[in-house]
Amino acid sequence: MAFLDLSPMLGASGSVRLPGSKSISNRVLLLAALAEGRTEIRDLLSSDDVERMLEALQALGVRWERKGETLDYVVDGVGGPFPVKTGDLFLGNAGTAFRPLTAALALSGGEYRLSGVPRMHERPIGDLVEALRQLGADIDCTANEGFPPLHIRPAAIRPGGVVKVRGDVSSQFLTALLMALPLTGVQTTVEVIGELISKPYIAITLELMARFGVKVERQDWASFVVPGGARYRSPGTVFVEGDASSASYFLAAGAIGGGPVRVEGVGRGSIQGDVRFAEALEQLGARIGMGENWIEAAAPASGTLKAFDLDLNHIPDAAMTLAVAALFADGPCRLRNIASWRVKETDRIAAMAIELRKVGAEVEEGADYLRVTPPVRLLPAAIDTYDDHRMAMCFSLVSLGGCRVRINDPKCVNKTFPGYFDAFATVAQPVPVIAIDGPSASGKGTVAERVAAALGWQVLDSGSLYRIVALAAMRAGVALDDEAGVAAVAAALPARFETGRVLLGDDDVTTDIRSEACSSGASRVAVLPAVREALLGRQRDYRSAPGLVADGRDMGSVVFPDAGLKIFLTASVEARAGRRYKQLIEKGLPANMQSLLDDLRERDARDAARPVAPLMKLPDAALLDTTELDVEGAVAFVLDLVRDRGLAAG
Ligand SMILES: Nc1ncnc2c1ncn2[C@@H]1O[C@H](COP(=O)(O)OP(=O)(O)O)[C@@H](O)[C@H]1O
Ligand SMILES: Nc1ccn([C@H]2C[C@H](O)[C@@H](COP(=O)(O)OP(=O)(O)O)O2)c(=O)n1
């Protein structure tokens, strides 16, 4: 399974230009297709769901063209029902394509089959089919009644009068019906049964229909009159606003990670209901700024988000972002009136509960609510995303808690936001790492410790972990070439570092691990891939604010490939043997110059030749040869580079 590892972040600030709104993109495409005249659409969203709509329109005889490599399209409207009267349409998991096309095709007088991915076939559409049947449409649910796939046949449509549709499962049924009804040319009233959910999405529908010349008369949110003789007419050019739901991740990043983070493409003038996510964030204490076409969020003055109890029916999609923001609140939070989550790309209430628990939260799941109690400390976890773009985007925010997080199947964001993780990387600042790799006795440990002390950062002596593993394996009687056996020792290693001391269980092994037996043992267990894998997460957990200096052989290549500074520290083998000799004698340990030289040569060869994580100078590492350089000189070299790259704050 493909995954993306996000590093622990220090914070977030900056600015992001949002991709186009999915809701607006797919509505505008359909309206432009049904309208008379040519419509120019600017800044259309480029994503899977929009692709599905474009393919379907083409198959139905609508001519459209993309202007070069831009996000601007031209659609030649067909001025009524679709001209192609038969078709077999695959619509993936795009609800914003499936529902409106179902309604428009049911009233188009042709024979069509509509299907999608397996999850699409689990998402209800019965209420819409029922409403269309009241108009005389002939629609078959070919697998299970109430669910796609669908088979539509030509039928005598009886428009006019009153059509009833349920509004409490998905507001897309009402949207679909309203957008299709002008095809009949007859005045028809739609009455909503049950409390209409997600009203702001209906507001988008009405606003866009009006721009295409059809004004629907609304009485409360209960009944809607589509006028007779109404026809869609192209308004000429339509600009697609930035996606307000996508904005929520960046605004939350600003509120959690210090900020300010600004999103451009939505603002005060937006017709999307999800801009009200900013108000919800404000209730959590975030500081919000807003202009005509931008919104900005920063952390509360107190630094911590306030616990909340909110009815989120009006912003069902952006509300998912609040479930993850709850991890950063100062107490238990409740998200209410979110039952529609259960019929989205996945059962989002269930999925959210499972994944929030993985990072340490206590979660209570109800039919239409979630209660999230934030953990004292976030736990690193691999997050499953359920083919749901919003799950993937939401959980990227965990990294802002200074906690690494793995996102499984990160490409699912392509549904609405293919460049999401790149955009996230432009506002989130990873905890900085200096990776110092090089051969034995080149001075890595000494330099790493001094640099860390100068910066006030954490330090990781990764070699000592391999040494402790070798010692623990020898003590447990596990042969050093028994890969599974040593890996098991490594995975459960009860090792701790305490001010200058190394402890294995309750034993102080500070001196023991420096013995020649442990040095050569470490070098032997370090060639075993399963051992390296077992120590990977443990090493990455040393990365915490304000920064980390890590030394070893593969700090820059494997453990922290995104390190802001990589150093390859080396010296001639004679110089290194001389240093090691002096070091051992000073510690009162036995030492022999010739055997140290032989041993270093042998270990250099083994470290460089092993197939996993071999020792080498990476192309992006700075070379530091200390054969003729003292410790102070080496430390100054590294600190100069830190300054040049602006790696340390202040
Ligand atoms: N640039 C240097 N010049 C001289 N001696 C050094 C230098 N860097 C380190 N040393 C000494 O060499 C010895 C080995 O260094 P150490 O940090 O343990 O190496 P490593 O971690 O690379 O095995 C230490 O006693 C250290 O003081
Ligand atoms: N990141 C690391 C660190 C050390 N190792 C191996 C290499 C060495 O043989 C042992 C011990 O490492 P350490 O840095 O303590 O060894 P030296 O003091 O340099 O001899 O572990 C590794 O493979 N990967």
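Residues numbered from 1 in each chain as written. Chains lettered and ligands numbered in written order. Predicted model: local features only at pLDDT ≥ 70, side-chain atom pairs only at ≥ 80, totals over all residues. Heavy atoms only, no water.

Per an unreviewed UniProt entry, the chain goes by the name Multifunctional fusion protein and belongs to Thauera linaloolentis. Of the comments in the UniProt record for the chain, the one headed Subcellular location (unreviewed entry) reads "Cytoplasm". According to the UniProt record, the Subunit (unreviewed entry) comment for the chain reads "Monomer." (UniProt positions renumbered as here; feature names shortened; annotations may be inferred.)

Our focus in this paragraph is the environment of Gly552. Along the polypeptide, Gly552 turns up in strand β30 (residues 548-552). For the pair Gly552 and Arg643, spaced 91 residues apart in sequence, the C-alpha to C-alpha distance is 22 Å. (Helix = DSSP H or I, 4+ residues; strand = E, 2+ residues; numbered from the N terminus.)

Looking now at the sheet that holds strand β19 (residues 333-336). As a general point, the strands of a sheet are linked pairwise by backbone hydrogen bonds and lie either parallel or antiparallel. Taken in spatial order, the four strands of this open sheet run β18-β19-β21-β20, and their pairing is mixed. For this open sheet the edge positions go to β18 (309-311) and β20 (362-365), each flanked by a neighbour on one side alone. Put simply, the sheet's adjacent strands are angled 10° from each other on average, direction ignored. Two elements, β19 and strand β21 (residues 370-373), share three bridges in a ladder whose sense is antiparallel. Across the sheet, Arg334 pairs through a bridge with Arg371, a residue of β21. Along the sheet, helix α10 (residues 348-358) contacts β20 and β21; its crossing angle with β20, the most-contacted strand, is approximately 165°. (Pairing = 2+ DSSP bridges. Axes fitted to C-alpha atoms, helices over the stretch in contact; angles between N-to-C directions. Contact = heavy atoms within 4.5 Å.)

Counting 79 residues, the largest nonpolar core has Phe250, Leu322, Leu335, Trp341, Met352, Leu356 and Phe395 as its most contacted members. The greatest single-element share of this core, amounting to nine residues, is contributed by helix α7 (residues 244-256). Beyond its immediate chain neighbours, meaning those up to four positions away, Phe250 contacts Val16, Leu18, Val261, Val263, Phe417, Tyr420, Ala423, Phe424 and Val427. (Core = buried A, V, L, I, M, F, W, Y, C linked by side-chain atoms within 4.5 Å. Buried < 20%, exposed > 50% of the residue type's maximum accessible area, 1.4 Å probe, protein only.)

Right, let's talk about the pattern of salt bridges for a bit. According to the stated counting rule, one finds 51 salt bridges in the structure shown. A salt bridge links Glu55 to Arg52; the shortest N-O distance between them is 3.0 Å. Of the two residues, Glu55 and Arg52 both sit in helix α2 (residues 48-59), three residues apart, roughly one turn of that helix. Classification of Glu55 as partly exposed rests on a relative accessible area of 37%. A salt bridge links Asp554 to Arg532; its shortest N-O distance comes to 2.8 Å. Linking Asp554 in the loop between β30 and α18 (555-559) with Arg532 in helix α17 (residues 529-540), this pair joins segments that are 22 residues apart in sequence. (Salt bridge = Lys/Arg side-chain N within 4 Å of Asp/Glu carboxyl O.)

In this section: the site of ligand 1. Near ligand 1 you find 15 residues, and of these Ala441, Lys444, Gly445, Thr446 and Leu629 are the closest. One of the backbone N or O atoms of Gly443 is found 3.0 Å from an oxygen atom in ligand 1. Residue Arg579 places a side-chain N or O atom 3.2 Å away from a nitrogen atom belonging to ligand 1. Among the secondary structure elements, those contributing two or more residues to the shell around ligand 1 are α13 (444-455) and α19 (573-586). Taken together, the residues that form the shell around ligand 1 break down as four nonpolar, seven polar and four charged. (Near = heavy atom within 4 Å. Polar contact = N/O pair within 3.5 Å; in protein donor to acceptor, adjacent residues only side chain to side chain. Nonpolar A, V, L, I, M, F, W, Y, C, P; charged D, E, K, R; others polar.)

The full set close to ligand 2 counts 20 residues, and Ser440, Arg467, Arg532, Asp554 and Arg580 are the nearest of them. Residue Lys444 places a side-chain N or O atom 3.5 Å away from an oxygen atom belonging to ligand 2. At a separation of 2.6 Å, an oxygen atom of ligand 2 approaches a polar side-chain atom of Arg467. Residue contributions to the shell around ligand 2 peak at four residues, all from helix α14 (residues 462-475). Tallied by class, the residues present in the shell around ligand 2 amount to five nonpolar, five polar and 10 charged.

Here the focus is the domain arrangement of the chain. Segmentation of the chain into domains returns domain 1 (3-18 + 242-429), domain 2 (22-239) and domain 3 (433-645). Taken over C-alpha atoms, the centre of domain 1 sits 38 Å from the centre of domain 3. The interface is formed by six residues belonging to domain 1 together with seven residues belonging to domain 3. Between domain 1 and domain 3 the total buried area reaches about 510 Å² when both faces are included, carbon and sulfur atoms providing 46% of it. In this assembly, domain 1 and domain 3 are joined by two salt bridges. Close ionic contact of Asp541 with Arg404 constitutes a salt bridge, the shortest N to O distance being 2.7 Å. In this structure, the connection of domain 1 to domain 3 is made through four residue pairs in polar contact (both at pLDDT 80 or more). Looking at the side of domain 1 that touches domain 3, its residues break down into three nonpolar, one polar and two charged. (Domains from an automatic or database assignment. Buried area = accessible area lost by both parts, 1.4 Å probe.)

Following the UniProt record, the feature "binding site: ATP" (unreviewed entry) maps to Gly438, Pro439, Ser440, Ala441, Ser442, Gly443, Lys444, Gly445 and Thr446 here. Topologically, Pro439 is positioned in the loop between β25 (433-437) and α13. The exposure class of Pro439 is buried, given its relative accessible area of 5%. The contact partners of Pro439, leaving out residues within four places of it in the chain, are Lys444, Arg553, Phe568, Leu569, Thr570, Arg576, Asp604 and Leu615. Along the chain, the position of Ala441 falls in the loop between β25 and α13. Dropping the residues within four chain positions of it, Ala441 is found in contact with Arg576, Arg579 and Arg580.

We now examine α10. Buried residues of α10: Arg348, Ile349, Ala351, Met352, Ala353, Glu355 and Leu356, and no others. Those residues of α10 that are buried lie in contact with α9 (319-325), β20, β21, β22 (381-383) and α11 (389-395). Between a side-chain oxygen at the N-terminus of α10 and the backbone nitrogen of Ile349 the separation is 3.2 Å; the capping residue is Asp347.

As a further point, take unusual backbone geometry. Here the residue pair Gly259 and Pro260 is connected by a cis peptide bond, since its omega of -5° sits within 30 degrees of zero. With respect to the helices, strands and loops of the structure, Pro260 is situated in strand β15 (residues 258-264). Of note, the bond from Ala545 into Pro546 is cis; its omega dihedral lies within 30 degrees of zero at 0°. Topologically, Pro546 is positioned in the loop between α17 and β30. With phi around 50°, Asp409 is a residue other than glycine that occupies positive phi space. Using a relative accessible area of 28% as the deciding quantity, one classes Asp409 as partly exposed.

Put simply, side chains in a regular strand alternate between the two faces of the sheet. Because side chains alternate across strand β10 (residues 162-166), one face comprises the buried residues Val163 and Val165, and the other comprises Val162, Lys164 and Arg166, none of which is buried. When β10 meets strand β11 (residues 188-193), the two strands line up parallel, connected through five bridges. From the neighbouring strand, Val165 faces β11, where its bridge partner is Val192. In this fold, the crossover linking β10 to β11 by way of helix α5 (residues 172-180) has right-handed handedness. (Right-handed = clockwise from strand over helix to strand, strands pointing away.)

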